[in-house]
Amino acid sequence: MKLIWSGFAILRYWGEIPMMERLSKSVEKALEMGAHFADARLENRKLSTIFVVNDELRSYQNMSVRGVGIRALVGGSWGLSSTTQLDADSLLEAAEMAVRIAKHNAQKVEKEVSLDSARSLKKSLGARVKKNPLDVDSESKLSFVMDLTKAQKVDDRVVNTNSRYGERIYNFLLVNSLGSELEWEEIRTFAFAHSVAAEGDKREFSYDIKDGTKGFELIDEIDPNAMGEKVGNESIELLGAKRPPNGMMTVVADPDISGLLAHEVMGHASEADEVVKERSFLTPMVGKRVGSDLISMVDDGTYPGANGMIPFDSEGTPSAHTSIIEKGVYRGYMHNLETAAEMGVEPTGNGRAEDFSRRVWVRMTNTYFEKGPDSLDEMIAETKEGILTSKAMRGMEDPVGGGFEAVALKGYIIKNGEVTDPIPSFTLAGSALDILNTVDMASKEFELSGGTCGKGDEDWVNVSSGGPYIRAKIVVGGA
Amino acid sequence: MIDLGSVNGRVISKANKEGVSAVETFSVSWRSKSAYIEDSMPNFVIEDKQSGIGVKVAIGKKVGFSSSSLEKEEDALAALDAAIKIARLSPDDAHFESFPPIKEVTGSVDGVYDGSIPESSSADLMDKAMIVVESATATKDMEVPKGMIRAQDYEFKISNSTGLENGHKGTILFLSFSSKIAAGGNSGEGIEKAYSTELKGIDFESIGEKISSRAVNTLDAIPFKGKFEAPAIIANSELGQMLLSSLGYAISGENVNKKRSPWIDKIGSKMFSETLNIMDDPLLPGGIQSAPIDDEGSPAVRKTIVEKGVLKRFIYDHYNAQIAQQEGGNGFRRGVGTIEKSHFIPASCSVSNLTIPPGDKGLDEMISELDKGILVEKFAAPEVNQFSGAFGLEVRNASIIEKGEIKEYVKFALLSGNLFESLGKVLMIGNDNAIGGPWMITSPGAAYCPSVTFEGFQLVGQE
């Protein structure tokens with residue numbers, strides 16, 4: 001392992017006055033103007049993607065996003081002013097604006113928020129990756145994507161192949177009025193393959209994605225031929241898939257789907273900003289049973305290499321391992337600075353913003369059920385009639401109602417303890433607590449899948465979710 | 001703010017000196033104000049000012065793209081340098097011919113720029129947000145745990161080396177609110193999203209009333225058990241999202257060219273009910289995706305997609321139009337709910353405003369004409385399989401209709417069916433057109449649909 005410091009030099013010395021000094025002065029300005037708490041966060045995000053379709057390069061592009069967001073808290077009212085103009089005057093102007101707009105609403109807000117007891121921290125952390133993507137030549141990246149695409153063409157029925165490589169290098173500087181001065185870096189890479197197979201009027205697809213807080217070593221660890229072939233074959237297999245059944249079924253949910261159950265329902269409802277406004281169905285549940293003994297769930301922002309790993313959240317709190325459910329009993333919530341202060345607990349490093357122009361919410365990092373005592377083979381052998389899910393397409397949160405909805409890419413019918421026919425995309429739904437209380441088996445096999453998560457309609461952050469295979473009763477619907 | 005026309009000019013001029021074959025530059029500036037409600041009170045306000053640029057270059061048939069935040073002109077030139085570097089590294093794109101040529105822009109569109117939006121402060125927006133809150137909380141025990149309004153005014157300029165220079169100024173208003181009511185150990189939630197190009201396009205009081213009544217209905221909802229097959233009325237905004245995720249994909253020229261579309265050979269085929277007509281209308285007055293030009297600078301033109309149930313055409317951005325030798329005009333990057341990030345990527349093929357002309361029945365009339373039926377006002381996420389049209393969607397606001405009246409509200413159930421098949425089984429078309437946006441508000445493409453009654457769906461519950 002080596003530390004990578006690719007973006008800090010640029011950030012520290014952007015312009016004539018060192019950036020940390022400019023951020024500090026803007027925070028001081030906010031305090032002078034009457035803010036009770038202020039912070040300033042500079043972000044420099046560099047992204048690069050290569051996208052190949054049907055053996056041809058469709059796009060090779062990079063993106064650079066740079067800006068500062070300054071937050072001010074007055075009473076219980078927040079103001080955020082953000083800008084892509086990074087000179088000292090523009091930042092002071094943004095600080096003034098943040099205070100002015102916070103003050104405007106301060107008298108209308110009945111609650112007072114004090115962050116005075118939060119800890120300050122001075123630290124500088126580079127991304128712990130083995131191979132910085134910036135040190136890898138473009139030819140190697142292109143060659144990987146081309147190989148991934150060619151490998152998908154396993155048969156003439158594969159009519160469309162799509163492959164993508166991406167790298168994201170984020171650098172942050174943060175100063176706050178508690179005295180924190182932080183700089184850190186996050187590096188992520190990903191590879192994505194997607195095949196479409198056709199026969200007559202029927203079209204089906206499959207995909208695979210590998211991602212994480214890793215450098216180019218993540219790509220080096222992938223065999224593009226094996227990954228591509230697998231995706232191509234899966235898309236062909238689905239051409240012969242039968243319609244999924246409808247109704248309440250015994251479901252062996254794979255780590256993708258069990259992860260969505262952890263993330264979408266139990267995770268979003270455990271974000272303390274939903275709890276303090278009593279929008280979460282889990283608000284009164286601490287200490288109560290929410291699932292069978294096999295269910296333990298954590299959010300862990302420190303999980304090495306996982307896509308949601310972060311050294312600090314967007315408020316400068318170090319990430320943490322937070323227990324949400326322990327052996328079926330609900331333990332507690334994830335916090336940012338504000339909700340921790342409001343509930344009199346320590347922040348858990350879950351205050352995250354999509355970027356410098358967006359507000360901080362309480363957000364998940366890597367959220368998963370812990371592994372169980374069974375093997376997948378045992379789970380299938382002990383299922384007389386049911387469905388085995390395979391890969392997820394999407395999920396949707398319902399913190400108020402506790403409803404679960406996830407769409408599986410595909411699945412298999414289980415009959416008399418054996419996996420039989422494949423079935424195409426279908427939806428799983430029901431009350432999350434009803435589902436968790438019916439979990440009677442959980443596997444030793446465990447996986448995390450990366451991706452991004454929105455809160456409501458926007459505010460996307462990098463996360464992962466996962467867990468073991470779990471067996472439960474779930475409503476299945478498709479067509 | 002930075003002079004976008006001047007920035008584009010400098011990029012084109014430098015690109016010519018560098019010897020590139022073709023260059024296209026899209027620069028954009030916006031001001032954004034947001035007001036957030038929590039616990040029925042003001043909580044958070046944001047004021048944001050940004051500029052950005054996306055530069056695409058071709059060296060022969062080698063194409064590269066780069067984008068950057070725009071603090072000063074040097075950022076634009078750095079983006080050009082990066083795009084040239086990428087193009088030099090790239091293999092040939094055999095299909096690339098040119099960027100769009102200069103064409104006369106004849107269409108005009110009303111109601112896409114509201115001067116009162118740039119004049120509004122975040123405090124003004126908070127006042128509007130509190131109208132929603134007051135209207136919702138007029139119902140006893142109703143709360144508004146969260147809500148937000150964002151108003152943006154933006155300008156973009158597009159130039160390319162054919163001499164094309166076009167631009168557009170617009171405004172976007174986006175809001176999203178949720179209400180909650182609790183009683184007897186149960187809780188009900190009402191959610192509503194709205195988009196408009198004008199402040200007057202949103203009735204804030206009625207948004208409050210809507211989230212309030214939805215929360216009350218959900219509170220009363222009972223877990224649905226078993227299966228129920230009956231005609232289903234799908235509400236306007238939900239149908240719009242279902243169409244964008246399925247029909248929007250199938251008619252994309254990019255997906256047709258890449259053989260991903262399920263309708264590759266279906267032009268001229270009778271696909272749907274005779275009563276169904278679908279247009280792509282970038283000139284729709286006040287349309288969220290409306291402008292006289294698309295985001296490549298090509299003139300925006302109304303197109304008939306489906307006429308009397310027959311598929312008439314696909315839609316194309318310039319790149320895919322050249323491959324298919326069709327008309328372009330559907331190259332977009334502007335998100336429906338926000339202009340942010342529009343410079344991050346090159347324009348791609350998308351619908352503008354997908355429209356179904358209104359029918360002659362009000363929603364109440366459609367309900368009254370059903371002996372047995374299902375009404376879905378809100379799904380968790382109205383997404384449909386883009387290849388098959390199949391779906392199984394969790395209902396969040398739904399009811400069972402019996403003898404022309406709503407009998408009961410239900411929850412924890414899936415509506416399953418096949419939208420492509422059901423578009424051929426349209427029973428009634430409503431007269432209540434409303435907007436439905438895409439899954440992500442940063443994506444282009446909106447739909448303006450009425451509520452429609454279909455045959456062929458099934459409600460599936462627990463047990």
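In this text, all values refer to a predicted model and were calculated from it rather than measured experimentally.

1. Some details on the overall build of chain A
Scanning chain A from terminus to terminus reveals 11 helices and 21 strands. Taking 479 residues into account, the globule formula puts the C-alpha radius of gyration at 23 Å, and chain A, at 24 Å, falls close to it. Considered along the principal axes of its C-alpha atoms, chain A spans approximately 70 × 55 × 40 Å. Sequence separation of 24 or more characterises 74% of the internal contacts of chain A that already satisfy a separation of 6 or more.

2. Some points on the overall build of chain B
Helix and strand counts for chain B come out as 10 helices and 22 strands. Taken against the 2.2 N^0.38 rule, which gives 23 Å for 463 residues, the C-alpha radius of gyration of chain B at 23 Å falls within 12% of a compact globule. Its C-alpha atoms give chain B principal-axis dimensions of about 75 × 55 × 40 Å. The proportion of buried residues among the 463 residues of chain B is 66%. Contacts in chain B between residues at least 24 apart in sequence constitute 75% of all its contacts with a sequence separation of at least 6. Per element, the accessible surface of chain B, about 15300 Å² overall, is 47% carbon and sulfur.

3. So, the domain arrangement of chain B
Residue and element names in this part refer to chain B. Once the domains are mapped, chain B shows domain 1 (4-219) and domain 2 (222-461). Of note, the centres of domain 1 and domain 2, computed from C-alpha atoms alone, are 22 Å apart. Contacts between the two partners involve 49 residues from domain 1, matched on the other side by 44 residues from domain 2. Taken together, the two surfaces of domain 1 and domain 2 that pack against each other cover about 3900 Å², and 61% of this comes from carbon and sulfur. Taken as a group, Phe26, Tyr195 and Asn217 account for 16% of the area that domain 1 buries against domain 2, more than any other trio of residues on that side. If you look at where domain 1 meets domain 2, you find 2 salt bridges. The partner of Lys378 in a salt bridge is Glu192, with the nearest N and O atoms 3.8 Å apart. Listed by contribution, the elements that provide at least two residues to the side of domain 1 that touches domain 2 are strand 1 (22-38), strand 2 (41-59), strand 3 (62-69), strand 4 (143-160), strand 5 (165-183), strand 6 (186-196) and helix 5 (204-219).

4. What about the side chain of Thr453 of chain B?
All names here are of chain B. Its place among the elements puts Thr453 in strand 22 (residues 452-461). For Thr453, a relative accessible area of 0% translates into the label buried. Those residues within four positions of Thr453 in sequence are excluded, and the remaining contacts are Pro231, Ala232, Ile233, Met366, Leu370, Lys425, Val426, Leu427 and Met428.

5. Some words on the pattern of salt bridges
All names here are of chain B. What the rule picks out here adds up to 70 salt bridges over all chains. A salt bridge links Glu73 to Arg10; the nearest nitrogen and oxygen atoms lie 2.7 Å apart. Residue Glu73 is found in helix 2 (residues 73-89), and its partner Arg10 is found in helix 1 (residues 4-18); the two are separated by 63 residues along the sequence. Note on Arg10: relative accessible area 39%, which makes it partly exposed. Two residues, Glu327 and Arg313, come together in a salt bridge whose shortest N-O distance is 3.7 Å. With Glu327 in the loop between helix 8 (318-324) and strand 12 (331-332) and Arg313 in the loop between strand 11 (310-311) and helix 8, this residue pair connects regions lying 14 residues apart in the sequence. Look at Arg313 and you get buried, because its relative accessible area is 17%.

6. Thoughts on the pairing of strand 18 (residues 403-415) of chain A
All names here are of chain A. In terms of burial, strand 18 is largely enclosed, as 12 of its 13 residues are buried. In this structure, strand 17 (residues 385-396) lies alongside strand 18, joined through 10 bridges in antiparallel fashion. Residue Gly386 lies in a different strand from strand 18, and its bridge partner there is Ile414. Counting the residues that bridge the hairpin from strand 17 to strand 18 gives 6 residues, and of these Gly402 lies at a positive phi of roughly 70°. Pairing of strand 18 with strand 19 (residues 418-431), which is carried by 11 bridges, proceeds in the antiparallel orientation. Bridge pairing in strand 19 links Lys410 to Pro424. From the end of strand 18 to the start of strand 19, which pair antiparallel, there are 2 residues, and Asn416 there has a positive phi angle of about 50°.

7. What about the packing of aromatic side chains?
Residues and elements named next belong to chain B. Enumeration according to the criterion identifies 21 aromatic pairs over all chains in this entry. Ring centres 5.2 Å apart and planes at 80° place the aromatic pair Phe391 and Phe457 in the edge-to-face group. Taken together, the residues Phe391 in strand 16 (residues 390-402) and Phe457 in strand 22 connect sequence positions 66 residues apart. The pair formed by Phe391 and Phe457 is uniform in burial state, with each residue classed as buried.

8. Here's the deal with the interface of chain B and chain A
If you look at the interface, chain B gives 91 residues, while chain A gives 89 residues. Summed over both partners, the interface of chain B with chain A buries about 7600 Å², with 50% contributed by carbon and sulfur atoms. Where chain B touches chain A, the interface holds 17 salt bridges. Ranked by the residues each element gives to the side of chain B that touches chain A, the list is headed by strand 2 of chain B, at 11 residues. Considering only residue class, the side of chain B that touches chain A consists of 35 nonpolar, 26 polar and 30 charged. In terms of strand pairing, strand 4 (residues 77-83) of chain A meets strand 2 of chain B through 6 bridges, oriented parallel. Paired with Gly79 of chain A across the two strands is Val45 of chain B, which belongs to strand 2 of chain B.

Calculation notes
- Residues numbered from 1 in each chain as written.
- Chains lettered and ligands numbered in written order.
- Predicted model: local features only at pLDDT ≥ 70, side-chain atom pairs only at ≥ 80, totals over all residues.
- Heavy atoms only, no water.
- Helix = DSSP H or I, 4+ residues; strand = E, 2+ residues; numbered from the N terminus.
- Rg over C-alpha atoms; globule rule 2.2 N^0.38 Å.
- Contact = heavy atoms within 4.5 Å.
- Buried < 20%, exposed > 50% of the residue type's maximum accessible area, 1.4 Å probe, protein only.
- Areas by Shrake-Rupley, 256 points an atom, 1.4 Å probe, with all protein chains shown as cover.
- Domains from an automatic or database assignment.
- Buried area = accessible area lost by both parts, 1.4 Å probe.
- Salt bridge = Lys/Arg side-chain N within 4 Å of Asp/Glu carboxyl O.
- Pairing = 2+ DSSP bridges.
- Phe/Tyr/Trp six-rings, centres within 6.5 Å; stacked < 30°, edge-to-face > 60°.
- Nonpolar A, V, L, I, M, F, W, Y, C, P; charged D, E, K, R; others polar.

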